[in-house]
Amino acid sequence: MHRQMGLLRELQALDHYIDHLRQQVAQLDSGERIRASIERTRQRLEEVKTRYQEIYAIATQQEQRLKDLDERIRRTEAELYSGRITNPRELQLMQHEIEQAKRARDEMEAELLRVWEHLETTKHDIDAAERDLNELERYYEAHMEDFRQRKAALEAEISYHLHERAELVAQIDPEVVQRYERLRERLGGTAVAIVEQKACSVCHTTLTPYTLKRLQTEDALIACESCGRLLYDPELAQ
Ligand SMILES: [Zn+2]
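The following refers to the structure shown. (Residues numbered from 1 in each chain as written. Predicted model: local features only at pLDDT ≥ 70, side-chain atom pairs only at ≥ 80, totals over all residues. Heavy atoms only, no water.)

## Considerations on the overall build of the chain
- Looking only at helices and strands, the chain features six helices and three strands.
- The N-to-C order of helical and strand elements in the chain reads α-α-α-α-β-β-α-β-α.
- Relative to the compact-globule value of 18 Å for 238 residues, the chain shows a C-alpha radius of gyration of 42 Å, a clear excess of over 25%.
- Its C-alpha atoms put the chain at 135 × 30 × 25 Å along the principal axes.
- A burial count over the chain gives 34% of its 238 residues as buried.
- Relative to all contacts within the chain whose residues are 6 or more apart in sequence, the contacts with residues 24 or more apart total 74%.
- When the accessible surface of the chain is split by element, carbon and sulfur atoms take 48% of a total near 16000 Å².
- Treating the 36 positive side-chain charges of the chain as one cloud and the 47 negative ones as another, the clouds have centres 2 Å apart. (Helix = DSSP H or I, 4+ residues; strand = E, 2+ residues; numbered from the N terminus. Rg over C-alpha atoms; globule rule 2.2 N^0.38 Å. Buried < 20%, exposed > 50% of the residue type's maximum accessible area, 1.4 Å probe, protein only. Contact = heavy atoms within 4.5 Å. Areas by Shrake-Rupley, 256 points an atom, 1.4 Å probe, with all protein chains shown as cover. Lys, Arg positive; Asp, Glu negative; His and termini not counted. Charge placed at Lys NZ, Arg CZ, Asp CG, Glu CD.)

## Brief notes about the packing of helix α1 (residues 2-27) against helix α3 (residues 88-169)
- Two elements in contact, α1 and α3, have axes whose closest approach is 10 Å; the angle formed by their N-to-C orientations is 165 degrees. Classified by the interaxial angle, the pair formed by α1 and α3 is roughly antiparallel. As α1 runs across α3, the sense of the crossing is left-handed. On α3, the residues touching Leu-7, Glu-10, Leu-11, Leu-14, Asp-15, Tyr-17, Ile-18, Leu-21, Arg-22, Gln-24 and Val-25 of α1 are Lys-151, Leu-154, Glu-157, Ile-158, His-161, Leu-162, Glu-164, Arg-165, Leu-168 and Val-169. (Axes fitted to C-alpha atoms, helices over the stretch in contact; angles between N-to-C directions. Parallel < 35°, antiparallel > 145°, perpendicular 65-115°, else oblique. Left-handed = near helix turned anticlockwise from the far one by under 90°.)

## Some points on the pattern of salt bridges
- According to the stated counting rule, one finds 21 salt bridges in the structure shown.
- Of the charged contacts, one joins Asp-70 and Arg-105 as a salt bridge, the two residues approaching to 2.3 Å between their closest N and O atoms. Of this pair, Asp-70 sits in helix α2 (residues 32-80) while Arg-105 sits in helix α3, and the two are 35 residues apart along the sequence.
- The partner of Arg-105 in a salt bridge is Glu-109, with the nearest N and O atoms 3.0 Å apart. With Arg-105 and Glu-109 both in helix α3 and four residues apart, this pair spans about one turn of that helix.
- Note on Glu-109: relative accessible area 37%, which makes it partly exposed.
- When salt bridges with common partners are traced through the structure, they connect Asp-15, Asp-19, Arg-165, Glu-181 and Arg-184 into a single cluster. (Salt bridge = Lys/Arg side-chain N within 4 Å of Asp/Glu carboxyl O.)

## A look at the packing of α1 against helix α4 (residues 174-186)
- Where α1 contacts α4, the axes come no closer than 11 Å and their chain directions differ by 40 degrees. As far as their axial angle goes, α4 and α1 are oblique. Note that α1 runs across α4; the crossing there is right-handed. Counted together, Gln-4, Leu-8, Leu-11, Gln-12, Asp-15, His-16 and Asp-19 of α1 and Val-176, Tyr-180 and Arg-184 of α4 form the full contact between these two elements.
- The class makeup of the residues in the contact of α1 with α4 is four nonpolar, three polar and three charged. (Nonpolar A, V, L, I, M, F, W, Y, C, P; charged D, E, K, R; others polar.)

## Looking at the packing of aromatic side chains
- Summed over the entire model, instances satisfying the criterion amount to one aromatic pair.
- Taken together, a centroid distance of 6.4 Å and an interplanar angle of 20 degrees make the contact between Tyr-52 and Tyr-56 stacked. Of this pair, Tyr-52 and Tyr-56 both sit in helix α2, four residues apart, which is roughly one turn of the helix. (Phe/Tyr/Trp six-rings, centres within 6.5 Å; stacked < 30°, edge-to-face > 60°.)

## Description of the coordination of the zinc ion
- For the zinc ion, the full set of protein donor atoms is Cys-200 (SG), Cys-203 (SG), Cys-224 (SG) and Cys-227 (SG), at a range of 2.2 to 2.4 Å.
- Metal-centred angles of 101 to 116 degrees between the four donor atoms at the zinc ion mark the site as tetrahedral.
- The exposure class assigned to Cys-200 is buried, which follows from its relative accessible area of 2%.
- According to the relative accessible area criterion, Cys-203 is partly exposed, its value standing at 27%. (Donors = N, O, S within 2.8 Å, 3.2 Å for Na, K, Ca; no water. Tetrahedral: all angles 85-135°; square planar, octahedral: opposite > 155°, others 65-115°.)

Right, here's the structure in full:
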């Protein structure tokens, strides 16, 4: 049984290493944060594009109103200078109307200028968001390429050691392997403990003389009385 326990100890070292490799795979950054960042930037781009369209619609509307006003001024002026109207009171009213319309026109023009400026700023925001998005997407691609390479390398290593493990398992009594597997599952991955200065190497409980005696004399799997792990005494193997 010492030889079996020696192999089991080897198996456990291998399993711990495979566990470690699997943990490394699980800890690889699969790019979730970058994807979230891309999603946020895409939303920002959509929002700013919508805003651009809204401002553009306002600008178009205001341009049309400005044209209409120009047309009204032009018609009133044509009427004023046509000579058809002779009533001074009426002429005065028309002149007053033209002046008012021209003042309104100036205000409208100034407002339209502000709208155009706003449109320009929003266009810059769109460009900036598009640049950010492109940059993030390039970064994501490079990151994912690296992620896939690392993952593939780790998986190849795991697969190599699983093969090694199968060869080792083939040398151990199936019942012993089964007991080991069950204990490993129940005891957080560690089923085998070493006898170190008459104590269990995992839970550090001092082993009773009875257990130590059994280890020396019995051809059976002996477990730590405290934690239940299978005991292996390297000194006995020599
Ligand atoms: Zn123990």
